[in-house]
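Structure assessment
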Amino acid sequence: MTSHYDHAQVQEFWQYVWERDDVYALDSDAEDPTYVLGMFPYTSGTLHMGHIRNYAITDAYSRYRRMQGDDVLHPMGWDAFGLPAENAAVERKTDPESWTQACIRRMREELETMGFGYDWSREITTCEPDYYRWNQWLFEQLYEAGLVEYEAATVNWCPDCETVLADAQVVERADEHGESSDRGSSDDGTRVCWRCETPVGRRELDQWFFTITDYAEELYDGLDDLAGWPEGVREIQRNWIGRQEGARIGFDVAVDGEATGNGGDRAVDVFSTRPETVYGATYLAVSPGHDLARELADEDDRVAEYVDAVRDQDPDEVGFAGVETDATASHPLTGDELPVYVAGYVLEDVGTGAVMGVPGHNERDHAFALEHDLPIERVVVPEDGAGTDGESDATTGGSDGETAETIPYTGEGTLAGSGEYDGLDSETARDRIVADRDALEEDVTYRLRDWLISRQRYWGTPIPVVHCDDCGRVLVPEEELPVELPEFVQTTGNPLDAAEEWKQTTCPECGGPAERETDTMDTFVDSSWYFLRFLSPQLEDAPFDTELADEWLPVDVYVGGEEHAILHLLYTRFFTRALADLGLLDRREPIAELRSQGTVLYDGEKMSSSKGNVVAPQEYGAETTRLFVLSAAHPEQDFEWTANNVRGAYDLQQTLYGMATDFVEEGDTRLERRAHDEYLAREIDRTIAAVTEEYDRFRFHRAATEIQELARLLRRYREYDRPHGEVYRRGLLTLAAMISPMAPHLGEELWNKLRGEGLVVAADWPEPERDVAAYQRERRLVDRTLEDVRDIVDVADIDEPEGIELVVAREWKYRAAELVERTAADDDGTRAVDVESVVDRVLEGDDTDVDRGTVAAFVGDVLGRDGGPDGGRELAADRELALLKRATWLVVDEFDADVTVRRATDDDELGAKARPGKPAIHIR
Ligand SMILES: [Zn+2]
Ligand SMILES: [Zn+2]
């Protein structure tokens, strides 16, 4: 008979049993189940190691919570829309639907092979009409609530993907030094498509937006309360939302418009984070899309030409070109007349779309001023004068201000050239100028832009709108939803645009001819609310059950890659808030605890098919793979995939399997209980306590180590003596239960061999039989004592010790140590211990026939030794003695010597050296 665990042989059987018993199904009557969710996969073809790690984490945690008695919601679905499916379909001469369904079949099979326990009755697929109809329905609700806009906008355009990109889908190419700027101008770095890395261009198109900016403040402030989220992710969101405090400053602009009669005064507001530099403003610049620019373009061909040119320009080419206009601005504080420019480096949708140019204190304004020969004035002088050569003539203009020309000063300092504010530090000046002057008003802006959801592609949710010449944009009536996709046709442009028959429709309002909107929604819309659909996936009259959502949300634990910090995780928070405002939800935050998972590396690099360093999940067997990815590192850390380390996960399974098999087959056990059985029984308790703590804290790698150590101890116990049947079996059953969340097939196999009750997947999580509050201290005492014995044997160079004596301190010492400890605690960490009174109280005990001097010396010793607040905390006197007696067998086993453990007596020279937590040791 073999005691080799062959996963391939048992996996089908256990999977069949789990399915037969429907062990992962969650009853809809469940009260507030624990909701554990892994980010659902994009249907790209096969699962990769990142998926496996992600889902191994959620699966282990779900199983653990279920064994703890929770109802658990652990669903799975498919993020199935998106451009890659369209590309793959074209490549393979098929259509996105067939391709996607084939991917889903394959990936589902892979998930099942891994033995992940999902409630498949709740499976959702975003490309199916019964899912995406609710995208359309939600779009219409948001539209009616004023959260959808349709407007001409200059947008990011990927020429390769032939579609627009949201701001968050444009990335700075890594080799460029794209510094973050507080005014969002087109900076230095190359902006490329997140998906294909083609440099992104600009286009002006009519587009659909969700006005996520309405929630900027709330989304920003809410981050502070997300205690269950990694600080790193919160910080990324904070930066993305980009809250900026500053002031809005009004400039009066005089427009000379004789020809058309459009002349006169305008007010142009700018936003500045540094209003104290307002005296350094030497020009005003507006973006090409600003109302003023459009107005001036009507009057002035040069302006019109420039505005047109910028519109088609790649953001990288815009640079610091610009055009001076005939308009002039009046400085709100000095009344000076300033030139007005239209400049491409000022972005329309950032701040107010206009800036006051302060070249002395802003890098981009400075670059612009150099290019257009504008005055550069320095109105904030560094405190230490560094870099200014004591330059105090802050109003030095243009060519003779050597320092100001070469480096703009962006730090804090002292004001100069700023009238009555001269001599103030910048912070004080900032507050005072804003408070004093009517033209300046305190303001906050956010860098966050509205969410562009239009995509000119086929494989997405059709936007449920028709365009009518008479009625304009009209929503498709609710009862006509879903607007289903037409059949796929291959074209160079947008297939929906080419689907003439589909496109031509009648207007729901006037019944006249109308055309369907041909844009589809960004697939991030699908994933912004999918966690709600899992609650009631078959619901036919609403996207989700509001009552259930209020009871079951938030998602208790959400696990996925950190790369989703700004797109998916921000949109999800926005959607939840918007749904709450529509009255569809109580909650405003969808996710209580977020866990980012680290990367699986191979040769130091992220596994990726383009690098050819991919390890397929099946290569090492499902269970070895999942056990390895969990035991290799903390879920949030990256780790290296090495065959050697995988071996460790494989060996652990074989060890456990071999132990259970041997026990069942040989069954040679004892009935009477001895001291070392007690030790083992308690160590099982201690391991349960430790593993429970590690599972609770998502430290699966440490749980695996604990399990391994208990297995090692059990083996040693069995070799030391014939095992006590009941104690040993309990040890093995405990191992089976504790490994099962990470290696469920093995868990069932062990459980079954050992005749555990029912299935381990449905078993109760093991409980300690006795109090384990002090388990860490108990382990520490045994470990430390063993180390001390080893040290003495080493140092004294004893070949084969004959006898080892462990002597535990007398009881009065524990009392003394405890009194010292208690006093220290009373005094809040400061150790103002009254030695005399401690000695008095120790001497009250009737076991204490020692002299006062000995007690005082010991108290002094405790005080000197245990500086920290935790120093004195040891086990009680009799507990220490009992524990060491139970652990004797470990010393006997290791040194093969007679071992005695006893309490110190009067006139005991050896015993006098013992302290609480540190027995005296004598070796012959
Ligand atoms: Zn692209
Ligand atoms: Zn109409």
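Heads up: these notes are all about the structure in this document. Per chain, residues are indexed from 1 in the order of the written sequence. Each chain gets a letter, beginning with A, and each ligand a number, beginning with 1, in the order they are written. Where totals are concerned, whole chains, interfaces and linings use all residues; where local detail is concerned, this predicted model gives features only for residues with pLDDT of at least 70, and gives and counts side-chain atom pairs only at 80 or more. Excluded from the side-chain calculations are hydrogens and water; all other atoms, namely the structure's heavy atoms, are used.

Quick look at the nonpolar core
Stated formally: What makes a nonpolar core is a set of buried Ala, Val, Leu, Ile, Met, Phe, Trp, Tyr and Cys residues whose side-chain atoms join them at distances within 4.5 Å. A simple rule labels every residue: compare its accessible area, found with a 1.4 Å probe on the protein chains alone, to the largest value its type can have, and call it buried under 20%, exposed over 50%, or partly exposed in between.
Ranked by internal contacts, the top residues of the largest apolar core, which has 207 residues, are Phe139, Phe210, Trp451, Phe575, Met742 and Ile804. Counting residues in hydrophobic clusters, the runner-up holds 41 residues, among them Val307, Val310, Leu424 and Leu440.

Structural notes on the coordination of the zinc ion (ligand 2)
Under the convention used in this document: Nitrogen, oxygen and sulfur within 2.8 Å of a metal are treated as its donors, or within 3.2 Å for sodium, potassium and calcium (Na, K, Ca); water is not counted, so a site can appear incomplete. Tetrahedral means four donors with every angle between 85 and 135 degrees, whereas square planar (four donors) and octahedral (six donors) require angles over 155 degrees between opposite donors and between 65 and 115 for all others; sites fitting neither are termed irregular.
Protein-derived coordination of the zinc ion (ligand 2) comes from Cys468 (SG), Cys471 (SG), Cys507 (SG) and Cys510 (SG), at a distance range of 2.2 to 2.4 Å. Coordination at the zinc ion (ligand 2) comes from four donor atoms whose angles at the metal span 106 to 113 degrees, giving a geometry best classed as tetrahedral. Read in sequence order, the donor residues for the zinc ion (ligand 2) give the motif C-x2-C-x35-C-x2-C. Given a relative accessible area of 7%, Cys468 falls into the buried group.

Things to note about the packing of aromatic side chains
Counted only if it meets this: Each Phe, Tyr or Trp ring (for Trp, its six-membered ring) is paired with any other whose centre lies within 6.5 Å, and the angle between the two planes then decides the class: stacked below 30 degrees, edge-to-face above 60, tilted in between. The way it works is that DSSP assigns letters per residue, a run of H or I at least four long becomes a helix, a run of E at least two long becomes a strand, and they are numbered from the N terminus. Comment: the charge-over-ring label is applied if NZ (Lys) or CZ (Arg) is within 6 Å of the ring centre and within 35 degrees of the ring normal.
Inspection of every chain in the model, using the stated rule, returns 53 aromatic pairs. The interplanar angle of 45 degrees and the centroid separation of 5.4 Å between the aromatic rings of Phe81 and Tyr132 together place this pair among those described as tilted. Remark: Tyr132 occurs in helix 5 (residues 129-144) and Phe81 occurs in the loop between strand 3 (77-78) and helix 3 (83-91); sequence separation between them is 51 residues. Like Phe81, the residue Tyr132 is buried in the burial classification. Taken together, a centroid distance of 6.1 Å and an interplanar angle of 45 degrees make the contact between Phe139 and Phe210 tilted. In this pair, Phe139 is assigned in helix 5 and Phe210 in strand 9 (residues 201-210), connecting sequence segments 71 residues apart. The residues Phe139 and Phe210 share a single accessibility class, namely buried. Members of the aromatic cluster, joined through ring pairs, are Phe139, Tyr143, Tyr150, Trp194, Trp208, Phe210, Tyr215, Trp451, Phe524, Tyr571, Phe574 and Phe575. If you follow Arg63 out to its NZ or CZ, it ends over the ring of Trp18, 5.1 Å from the centre. Taking NZ or CZ as reference, Arg133 lies 4.5 Å from the ring centre of Trp134, over its face.

Let's talk about the sheet that holds strand 31 (residues 803-808)
Note the cut-off: For two strands to be treated as a pair, DSSP must find no fewer than two bridges joining them. For helices, the axis comes from a line fit to the C-alpha atoms of the stretch in contact; other axes are also lines fit to C-alpha atoms, and the angle between any two N-to-C directions lies between 0 and 180 degrees. Contacts are assigned to residue pairs that have any heavy atoms within 4.5 Å of one another.
Across the sheet, three strands lie side by side as 32-31-33; this open sheet has mixed pairing. Strands with a single pairing partner mark the edges of an open sheet, and in this sheet they are strand 32 (898-903) and strand 33 (920-923). Between one strand and the next, the sheet's axes are offset by a mean angle of 15 degrees, whatever the strand orientation. In the packing of helix 25 (residues 775-795) onto the sheet, the strands contacted are strand 31 and strand 33, and the crossing angle to strand 33 comes to about 40 degrees. Across the sheet, helix 29 (residues 877-895) touches strand 31 and strand 32, and the angle it forms with strand 32 is around 170 degrees.

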